[in-house]
Amino acid sequence: QVQLVASGGGLVQPGGSLRLSCAASGFNFDYYAILWFRQAPGKEREGVGCISGTDGLESTPDGLPEYPDSVKGRFTITRDDPRATAYLQMNRLRPDDTGVYSCAAAFECNTDLEVLGQGTLVTVSS
């Protein structure tokens, strides 16, 4: 069964850190770019980053080699191909980082999504 499962969300205080995981199964993880998205209550889904499947370069979903300004310098995406898992390390979390975080797979960071995973809730609050 082709799927992506995001996990690791929870309640964290402002300034804290969380690491989310995105575990893949049922497809050749190595060759796919993995994208992370988030959706805050009442807002549109926002891409927070992408890591390619070929050279591991970090980039935003539109292919630029930078993270969105809202997460730049605080969020980092990595991947562990033998474990078929990608990670989103989030540091210096802020209340406006609250939302449902999900991951997806695509052939490249700027191509259509091929696999969309369910999300995990991150709540940043004191």
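Because the structure is predicted, anything quoted here is derived from the model rather than measured.

Visitor: Report on the environment of Q13, specifying residues and quantitative values.
Guide: Relative to the elements of secondary structure, Q13 occurs in the loop between β2 (10–12) and β3 (18–25). Once the C-alpha coordinates of Q13 and P95 are considered, the two residues, 82 residues apart in sequence, prove to be 8.3 Å apart. When residues no more than four places from it in sequence are discounted, the contact partners of Q13 are V124 and S125.

Visitor: Tell me what's going on with the state of the cysteines, and back it up with residues and numbers.
Guide: Inspection of every chain in the model, using the stated rule, returns 2 disulfides. With its sulfur 2.1 Å from that of its partner, C22 forms a disulfide with C103. Every disulfide takes its handedness from the sign of the S-S torsion; for C22 and C103 that torsion is 85°, giving right-handed. Here C22, found in strand β3, pairs with C103, found in strand β9 (residues 99–106); they are 81 residues apart in sequence, far enough to count as distant. Like C22, the residue C103 is buried in the burial classification. What pairs with C50 in a disulfide is C109, and their sulfur atoms sit 1.9 Å apart. In this structure, the disulfide formed by C50 and C109 twists by about -85° around the S-S bond and is classed as left-handed.

Visitor: Quick rundown of the pairing of strand β7 (residues 75–80)? Include the residues and the values.
Guide: When β7 meets strand β8 (residues 85–90), the two strands line up antiparallel, connected through 6 bridges. Note on β8: the bridge partner recorded for T78 is Y87. Turn length for the β7-β8 hairpin, with the two strands adjacent in sequence and antiparallel, is 4 residues, and the turn residue A84 shows positive phi of about 50°.

What counts, and at which threshold
- Residues numbered from 1 in each chain as written.
- Predicted model: local features only at pLDDT ≥ 70, side-chain atom pairs only at ≥ 80, totals over all residues.
- Heavy atoms only, no water.
- Helix = DSSP H or I, 4+ residues; strand = E, 2+ residues; numbered from the N terminus.
- Contact = heavy atoms within 4.5 Å.
- Disulfide = S-S within 2.5 Å.
- Buried < 20%, exposed > 50% of the residue type's maximum accessible area, 1.4 Å probe, protein only.
- Pairing = 2+ DSSP bridges.

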